[in-house]
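# Fold and contact review
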Amino acid sequence: MARMDLSSKLAILADAAKYDASCASSGTAKRNARAGGIGSTEGKGICHAYAPDGRCISLLKILLTNACVFDCHYCINRKSSNVRRARFTPEEVVRLTLDFYRRNYIEGLFLSSGIIRSPDYTMEQIVRVAQSLREEHGFRGYLHLKTIPDADPDLVHQAGRFADRLSINVELPTAAGLKRLAPEKSPARIEGAMGRLRHAIDDAGDAKRRYKSAPIFAPAGQSTQMIVGADAATDGDIITRAAALYGRHALRRVYYSAFSPIPDASAVLPLRRPPLMREHRLYQSDWLMRFYGYAPAEVAAAADPVTAMLPLDIDPKLAWALRHRALFPADVNRAPREALLRVPGLGVKAVDAMLAARRQRRLRLADVARLTASLAKVRPFLIAEDWRPLALADRADLRALVAPRAEQLELF
Ligand code: SF4
């Protein structure tokens, strides 16, 4: 690799990291620099900036290197790609992180890497960065480290001692997709590594509850990412896999990243990226499972029964309600919280506010209107003191009445 200055490396390795969507920081341990060191995860907490395409950019988000000995078809950094390569030393990453932090550009570091020489060697380099930041420079900011599933579990464990969050990408929603597009990766090894992380995170959490001085281990938990639209997996497949991962490994987040066609792409890949709206609908379905009490099968039931794809023109909660009209309308003055959470257009905060308010008085439609962005969407699905939708929920054209109007997007 030809010698390159730091800013040229940064240009290449920050650009190469943009394909990883799983960089949001949340739920970590409180940590500040009052006792020495630099940085904090308290006070204003970690704040984020978002690029126009919706990706988080407040962390210094880089790869250690975009060289890789693997050849995953969907990846611009694969061995056979003719992309320009660069590699940071661990010391360079440390210096950049501290410099950017002191200039108030970032609140933390998101570090991933192509696989150099071997999974163990790569993981050692990542651990060196984290250890140096924490132990030599007293860095208290946020650290999210990508871990290599095939690396020695001891190295991954060391990473967890320094990182706030660890992540291992499952990459593709199905084992068949992974076998076809990333044949050097193994679903069993990936899930094995996630399982070990879960145990280490749980054990550290238990120890911390019993002993204040117990060492922390990835207090912001683990996350993963799935690429959407690179293989034939349906939304139903993706929802089912995400639910299984949440259940088995207690993940904090599953991120969905719409596949981006890459230069010199392999012939087995689609030529076009899937609509970004598909990614958005999957995030919405994820929220339904995590915050609204929907079982995975229920979320999957929002998808088209033939194609197993979520509709793009309406959100999955509305799609589910339209398929289960017999369960509506819900009475805002009597229905339990779980039933109100299923009303399209009502969020968790709105439902909790209604539950608090109805202890004092009977709620009218105007009270609901103050808590929702779209009364037209909510009305067919609820009953209020002065509102009863009668046959509205049974109308054949209900979908057209409540679906958002199609708008011409701005071209520039
Ligand atoms: S291992 Fe990671 S960096 Fe290497 S080709 Fe596969 S996805 Fe890309």
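Every chain is numbered independently, its residues counted from 1 as its sequence is written. In keeping with the predicted nature of the model, local features appear solely for residues at pLDDT of at least 70, side-chain atom pairs appear and are counted solely at 80 or more, and the whole-chain, interface and lining totals rest on all residues. To get the side-chain values, take all heavy atoms of the structure and skip hydrogens and water.

## Focus: the packing of aromatic side chains
- Stacked, tilted and edge-to-face pairs are distinguished by plane angle, under 30 degrees for stacked and over 60 for edge-to-face with tilted covering the rest, among Phe, Tyr and Trp rings (Trp via its six-membered ring) whose centres lie within 6.5 Å. In this structure the tally under the stated criterion is seven aromatic pairs.
- An angle of 80° between the planes, with centres 5.4 Å apart, marks the rings of Phe 100 and Tyr 105 as edge-to-face.
- Under the scheme applied here, a residue whose accessible area is under 20% of the maximum for its type counts as buried, over 50% as exposed, and between as partly exposed, the area being computed with a 1.4 Å probe on protein chains only. Here Phe 100 falls in the buried class, since its relative accessible area comes to 16%.
- Their ring planes at 85° and their centres at 5.4 Å tell us that Tyr 294 and Trp 320 sit as a pair that is edge-to-face. Of the two residues, Tyr 294 is situated in the loop between helix H8 (276-291) and helix H9 (296-300) and Trp 320 in helix H10 (residues 316-323); the sequence distance between them amounts to 26 residues.
- Accessibility expressed as a relative area gives 3% for Tyr 294, which makes it buried.
- On the basis of relative accessibility, which here comes to 4%, the residue Trp 320 falls in the buried class.
- A connected cluster of aromatic rings, assembled from ring pairs, spans Tyr 294, Trp 320, Phe 328 and Phe 381.
- Two conditions define a charge located above a ring, namely a distance within 6 Å from the ring centre to NZ of Lys or CZ of Arg, and an angle within 35 degrees of the ring normal. Here the basic side chain of Lys 61 rests over the ring of Phe 110, its NZ or CZ set 5.8 Å away from the ring centre. For the purposes of this entry, the term helix denotes a DSSP run of H or I that reaches at least four residues, the term strand denotes a run of E that reaches at least two, and both are numbered from the N terminus.

## Some thoughts on the pairing of strand E5 (residues 222-228)
- Within E5, seven of the seven residues are buried, which leaves the element mostly enclosed by the surrounding structure.
- Burial of the side chains of E5 extends over both faces: Gln 222, Thr 224, Met 226 and Val 228 are buried on one face and Ser 223, Gln 225 and Ile 227 on the other.
- A pair of strands counts as paired when DSSP detects no fewer than two bridges linking them. With two bridges joining them, strand E4 (residues 165-167) and E5 adopt parallel strand pairing. Within E5, the residue paired with Ser 167 across the bridge is Ser 223.
- As paired elements, E5 and strand E6 (residues 253-258) share six bridges and run parallel to each other. Considered in E6, the bridge of Ser 223 is made with Arg 253.
- A crossover counts as right-handed when, viewed with the strands pointing away from the observer, the path leading from the first strand over the helix to the second turns clockwise. Handedness of the crossover joining E5 and E6 through helix H7 (residues 235-249): right-handed.

## Quick notes on the packing of helix H6 (residues 187-210) against H7
- One way to put it is that H6 packs onto H7 with a least axis distance of 9 Å and a crossing angle of 40°. Put simply, H6 runs oblique to H7. Within the contact between the two elements, H6 uses Glu 191, Met 194, Gly 195 and Arg 198 and H7 uses Arg 241, Leu 245, Gly 247, Arg 248 and His 249.
- When residues are sorted by character, Ala, Val, Leu, Ile, Met, Phe, Trp, Tyr, Cys and Pro go into the nonpolar class, Asp, Glu, Lys and Arg into the charged class, and all the rest, Gly among them, into the polar class. Broken down by class, the residue content of the contact of H6 with H7 amounts to two nonpolar, three polar and four charged. Between N-to-C directions, angles span 0 to 180 degrees; the directions come from axes that are lines fitted to C-alpha atoms, helices contributing only their stretch in contact. Here is the rule for angles: anything less than 35 degrees is roughly parallel, anything more than 145 is roughly antiparallel, 65 through 115 is roughly perpendicular, and the remaining ranges are oblique. We call two residues in contact when some of their heavy atoms are within 4.5 Å.

## A short note on the sheet that holds strand E1 (residues 59-63)
- Strand order in the open sheet formed by six strands is E1-E2-E3-E4-E5-E6, and the pairing between neighbours is parallel. Looking at which strands have only one partner, the edges of the open sheet turn out to be E1 and E6. Averaged over all pairs of adjacent strands, the angle between their axes in this sheet comes to 20°, without regard to strand direction.
- Sheet topology places strand E2 (residues 108-112) next to strand E3 (residues 142-146); four bridges connect them, and they run parallel. Along E3, the bridge assignment pairs Gly 108 with Tyr 142.
- Running over the sheet, H8 touches E5 and E6 and is turned about 165° from E6.

## Notes on the pattern of salt bridges
- We define a salt bridge as a side-chain nitrogen of Lys or Arg found within 4 Å of a carboxyl oxygen belonging to Asp or Glu. Counted under the stated rule, the structure contains 20 salt bridges.
- Of the charged contacts in the structure, one is a salt bridge between Lys 9 and Glu 92, with a shortest N-O distance of 2.9 Å. One end of the pair, Lys 9, is in helix H1 (residues 6-16); the other, Glu 92, is in helix H2 (residues 90-102), and 83 residues separate them in sequence.
- By relative accessible area, Glu 92 is classed as buried at 15%.
- Among the ionic pairs, Arg 134 bridges to Asp 164, the shortest N-O distance being 2.9 Å. Taken together, the residues Arg 134 in helix H3 (residues 119-136) and Asp 164 in the loop between helix H4 (153-162) and E4 connect sequence positions 30 residues apart. Across the pair, exposure class does not vary: Arg 134 and Asp 164 are buried alike.

## Looking at the confidence of the model for the chain
- Taken over all residues, the pLDDT of the chain has a mean of 88, while the share at 70 or more is 88%.
- Of all helices and strands in the chain, the one with the weakest mean pLDDT is helix H15 (residues 398-402) (80), whereas H3 scores best (98).
- Taken as a whole, residues 42-47 scores under 50 in pLDDT and shows 12 contacts with residues more than four places along the chain or in a different chain.
- Predictor confidence is given residue by residue as pLDDT, running from a minimum of 0 to a maximum of 100. Predicted confidence is poor over residues 49-55, with pLDDT under 50, and the contacts of this stretch with residues over four places away or in other chains come to 13 contacts.

## Observations regarding a negative patch on the surface
- A cluster of like negative charges, contributed by Asp 120, Glu 124, Asp 152 and Asp 154, occupies part of the molecular surface.
- Residue position: Asp 154 is located in helix H4. Exposure above 30% relative accessible area and no salt bridge define the residues that can form patches, which grow by joining like charges within 9 Å and nonpolar side chains of Val, Leu, Ile, Met, Phe, Trp and Tyr within 5 Å. Throughout, the Shrake-Rupley method with a 1.4 Å probe supplies accessible areas, and for residues the shown protein chains are the sole cover considered. Lys and Arg are tallied as positive, Asp and Glu as negative. Neither His nor the chain termini are counted. Charged groups are reduced to one reference atom each: NZ for lysine, CZ for arginine, CG for aspartic acid, CD for glutamic acid.

## Some remarks on H2
- Multiply 1.5 Å by the residue count of a helix minus one, and that product is the helix's expected span. The end-to-end C-alpha separation of H2 is 18 Å, in line with the 18 Å expected for 13 residues at 1.5 Å each.
- Among all positions in H2, only Pro 90, Glu 92, Val 93, Val 94, Leu 96, Thr 97, Leu 98, Phe 100 and Tyr 101 are buried.
- For H2, the elements touching its buried residues are H1, E1, E2 and H3.
- Asn 104 lies just past H2 and shows a positive phi near 65°.

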